[in-house]
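Geometric and topological summary
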Amino acid sequence: MTVIQKKADNPIAHLSAEDIEIIGKELDAIRDRVIADRGERDARYIRTVIKTQRTLEISSRAVLLFSLFPPAWIVGTAGLTIAKILDNMEIGHNVLHGQWDWMRDPKIHSTTWDWDHVSPADQWKQSHNELHHRFTNVVGKDNDLGYGIMRVDEDQPWHPMHLGQPVWNLLNAAFFEYGIAAYDMELGDHLKQKRLKEPAFRAKAKAVGRKIRKQVLKDYVVHPLLSGPSFLSTLAATFTANLIRNVWSHSVIMCGHFPSGVETFEKTSIEGETRGEWYLRQMLGSANISGPRLLHIMTGNLSFQIEHHLFPDLPSNRYQEIAPQVRALFDRYGLRYTTGPLPKQVASAWWKVIRLSLPNRRDRRQPVAPGPLVPSGAA
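Residues numbered from 1 in each chain as written. Predicted model: local features only at pLDDT ≥ 70, side-chain atom pairs only at ≥ 80, totals over all residues. Heavy atoms only, no water.

Across its full length, the chain holds 14 helices and zero strands. Reading the chain from its N terminus to its C terminus gives the helix and strand order α-α-α-α-α-α-α-α-α-α-α-α-α-α. In terms of C-alpha radius of gyration, the chain reaches 22 Å, essentially the compact-globule figure of 21 Å for 379 residues. Dimensions of the chain along its principal axes, counting C-alpha atoms only, are 70 × 55 × 40 Å. Looking at the chain as a whole, 53% of its 379 residues qualify as buried. Contacts spanning at least 24 positions in sequence make up 74% of the contacts within the chain whose residues lie at least 6 apart. (Helix = DSSP H or I, 4+ residues; strand = E, 2+ residues; numbered from the N terminus. Rg over C-alpha atoms; globule rule 2.2 N^0.38 Å. Buried < 20%, exposed > 50% of the residue type's maximum accessible area, 1.4 Å probe, protein only. Contact = heavy atoms within 4.5 Å.)

If you want it as structure tokens, here you go:
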């Protein structure tokens, strides 16, 4: 994995600047068609998902009142896990993207929604919507790519500390919501630069602290206490549900930007970037997961990460519908549409984490002079 500008086999070398702008216009047309067609069926979809999630969570917590009995523990834990995944992925992530703001429903709006997560919604929207989606896979700008803690490209200097990144990644997977909260408030940068006493950082840290207290009180105090004799078993069930939710979310996110076939970009490549070039970077910097409809719902439709990064504010239920149109555009312009089954994509992403934890092999690549996203010579 190396930045696209330094690849001897640059996958966009055959495109002209005119090609790239035409691609942008065609993608704009796809987006405009969906915007014009949004309506009742989309509103019905998200309301149904929210109702299903809430019913599943309430019923699962009711079953866990009897979690001393193994069958009740298994059923309650499974249901709570699914409810938490739906809350984070198909509901929370997408509502906070503003995908349903057009409904003008104050109960399903990006400015009012709170989710089952320790990261405050406003901090997440800033780091994810504003930074990650703007600087997708730009090394040194998009910390989402490596969650700010990993070496993600061969052009990044290797240090012995990188040997531990498979372990860090595993720990990050287990406690992913806390890793996201730390990332959202830029904890790593403030520690390095010794800026922990800055008023703005302290305000963010206090907000995260309040959110953590709220989540811990709900999950590990109130609900277990309501279970009475089943306190410890309910506590274990909640911890298990959170652990599985975290690992699942981490895996889905990794599959979106880290498996083989996904490109990274230099910081200089986005200077003066046009809309067509931004679209092209989203196309090349994202990867999909193939599978059945249920898988797509459980990933928050981030199994269509390419389509999501092209159109982050479109209703998530429309991504599967437009994916064939987007793929046809890839094929027409000779671009690789990176997709594969979940096990393959997870394995590919983890292999990259392991490989980049080691020093580069001298014969791994043949560097060429860096350049902009648009190929040299394109007008």
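What follows concerns the nonpolar core. A general tendency of soluble globular proteins is for nonpolar side chains to be buried together. Ranked by internal contacts, the top residues of the largest apolar core, which has 30 residues, are Leu27, Phe311, Val326 and Leu335. Elements represented by at least two residues in this core include exactly α1 (17–37), α10 (275–284), α12 (305–310) and α13 (319–332). In terms of residue count, α13 provides more of this core than any other element does, six residues in total. Ile85, Val95, Leu96 and Trp113 belong to the second largest nonpolar core, which has 24 residues in total. (Core = buried A, V, L, I, M, F, W, Y, C linked by side-chain atoms within 4.5 Å.)

Applying the stated criterion across every chain, the model contains 22 salt bridges. Ionic pairing is found between Arg332 and Glu26, a salt bridge with its closest N-O pair at 2.7 Å. Residue Arg332 is found in helix α13, and its partner Glu26 is found in helix α1; the two are separated by 306 residues along the sequence. Judged by relative accessible area, which is 26%, Glu26 ranks as partly exposed. As a salt-bridge pair, Asp116 and Lys218 come within 2.5 Å of each other at their nearest N and O atoms. You can see Asp116 sitting in the loop between α3 (70–96) and α4 (121–132) and its partner Lys218 sitting in helix α8 (residues 199–226), a full 102 residues away along the chain. A relative accessible area of 7% places Asp116 in the buried class. (Salt bridge = Lys/Arg side-chain N within 4 Å of Asp/Glu carboxyl O.)

What follows deals with α10. Think of an α-helix as turning once every 3.6 residues; residues three or four places apart then point the same way. Summarising burial for α10: nine of the 10 residues are buried, a large majority. Buried within α10 we find Gly276, Glu277, Trp278, Tyr279, Leu280, Arg281, Gln282, Met283 and Leu284. Next to the buried residues of α10 lie α1, α12 and α13.

Our next topic: the side chain of His309. Within the secondary structure, His309 sits in helix α12. Judged by its relative accessible area of 1%, His309 is buried. A polar contact of 2.9 Å, which involves the side chain of His309, links it to the side chain of Gln282. The residues contacting His309, other than those within four sequence positions of it, are His132, His133, Thr136, His257, Trp278, Gln282 and Ser286. (Polar contact = N/O pair within 3.5 Å; in protein donor to acceptor, adjacent residues only side chain to side chain.)

One pass over the full model with this rule turns up five aromatic pairs. On the numbers, 5.0 Å between centres and 90° between planes, the contact of Phe330 with Tyr337 is edge-to-face. For Phe330, a relative accessible area of 0% translates into the label buried. Given a relative accessible area of 10%, Tyr337 falls into the buried group. Every member of this aromatic cluster is reached through a ring pair, and the members are Trp278, Tyr279 and Phe311. (Phe/Tyr/Trp six-rings, centres within 6.5 Å; stacked < 30°, edge-to-face > 60°.)

Position of Gln165 relative to the elements: it lies in helix α5 (residues 165–174). Take Gln165: its relative accessible area is 0%, and that puts it in the buried class.

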